[in-house]
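One letter stands for each residue in the lines below.
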Amino acid sequence: MANSVITVRDLLARTHLSLLTGEDYLDRQITTPDISRPGLEMTGYFNYYAPERVQLLGITETSFMERMNHDELMLVARKMMTDRTPAMVVSTGRKLKPEFMDVAAEKQVPVLTTDLTSSRILSNMTYFLGGALAERESVHGVLVDIFGLGVLITGDSGVGKSETALELIQRGHRLIADDRVDIYAQDEEHLVGEAPAILRNLMELRGVGIIDVLNLFGAGAVRSHATISFNLHLQKWEDGQQIDRLGNSEDALVIENVELPRLVLPVQTGRNLAVLIETAAKNFRAKKMGFDATETFNRNLNNLIAKNSTESE
């Protein structure tokens, strides 16, 4: 699923940048998260120039600019700023020469500035644009922040996902998304989930209707997004069903080519799902810290078997 349009105005609002010039051109679209450092282009080499990228000028580029004469600057600036160029960003509080500013006005390219170093503002812009422009996969489920872990709760319709999420909210945890979760890959190992704009902070409860979690429970009950730690799948209990009683299965849910650890929790009358999910989150964190109760049980069992074997000889 493609994401919504991202503009220079969005970049300006979400990163540590200030507008230097070009207020009327902030609706120029940004189509790629890649950022260019046009060092070679300053020398006139444009064979592999990517005009659709935000162009970042730091100390190296602006220092080289000081050595260029008027004609050289005008030639390079006009090649660098095209109808496809979203914006020029100047880092470290550096100044652009008047020729560049004149061409920016002529080509209607916004110029943004910051006191941050090139590496810092590059990181900020890449993080924002990488998330904003990433392909989304929509998953039917609920995403809740439990003890700082993003838990994606899935299951058949009517199994009780929203009701369980509501109890978790009442226990002090935070809702990210209900019913539909938009998920994108932050990198090769991490998934981030958020609510679609139309469903943000809202929850549907059968028999009650739609509620506004932010309004009813306060700002501490919601989050805009979260890195997903694992998937907890609610499955209706059936007689004779095979259940992993030791919790040592290595099941996974694959989203955007990223494997997400997956636990299956049987749903049966009388089971307190909120408490069980809390416990699953605590146990997941404990395993990540190196405390695995299943390994402890297996080790104790092996020691007992070895001891009994020795005594029987």
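Residues numbered from 1 in each chain as written. Predicted model: local features only at pLDDT ≥ 70, side-chain atom pairs only at ≥ 80, totals over all residues. Heavy atoms only, no water.

Colleague: Explain the packing of helix α7 (residues 161-170) against helix α9 (residues 273-288) here, please?
Modeller: In a packed pair of helices, the relevant descriptors are the angle between the two axes and the axis-to-axis distance. Relative orientation of the contacting elements α7 and α9 amounts to 70°, with a least axis distance of 9 Å. Compared by their axis directions, α7 and α9 come out roughly perpendicular. Contacts between α7 and α9 involve T164, E167 and L168 from the first element and L273, A274, I277 and E278 from the second. Partitioned by chemical class, the residues of the contact of α7 with α9 number 4 nonpolar, 1 polar and 2 charged. (Axes fitted to C-alpha atoms, helices over the stretch in contact; angles between N-to-C directions. Helix = DSSP H or I, 4+ residues; strand = E, 2+ residues; numbered from the N terminus. Parallel < 35°, antiparallel > 145°, perpendicular 65-115°, else oblique. Contact = heavy atoms within 4.5 Å. Nonpolar A, V, L, I, M, F, W, Y, C, P; charged D, E, K, R; others polar.)

Colleague: Honestly, the pairing of strand β9 (residues 142-146) in this entry has me stumped. Any pointers?
Modeller: For a regular strand, the rule is simple: side chains alternate between the two faces of the sheet. For β9, a buried count of 5 out of 5 residues is recorded, marking the element as mostly surrounded by other parts of the structure. On β9, burial covers both faces: V142, V144 and I146 on one face and L143 and D145 on the other are all buried. Of the strand pairs in this sheet, β9 and strand β10 (residues 149-155) are connected by 5 bridges, and their pairing is antiparallel. Its bridge partner being in β10, V144 is matched across the sheet by V151. The antiparallel hairpin formed by β9 and β10 contains 2 residues in its connecting segment, where F147 sits at a positive phi of about 55°. Sheet topology note: the β9/strand β11 (residues 174-177) ladder contains 3 bridges and is antiparallel. (Buried < 20%, exposed > 50% of the residue type's maximum accessible area, 1.4 Å probe, protein only. Pairing = 2+ DSSP bridges.)

Colleague: What's the story with the UniProt feature "binding site: ATP" (unreviewed entry) in the chain in this structure? I'm lost.
Modeller: UniProt marks G155, D156, S157, G158, V159, G160, K161 and S162 with the feature "binding site: ATP" (unreviewed entry), using the numbering shown here. Apart from residues lying up to four places away in sequence, G155 is in contact with H140, K161, H233 and L234. Looking at where V159 falls in the secondary structure, it is placed in the loop between β10 and α7. Given a relative accessible area of 9%, V159 falls into the buried group. With near-sequence residues (within four places) excluded, V159 lies in contact with L234, K236 and V267. (UniProt positions renumbered as here; feature names shortened; annotations may be inferred.)

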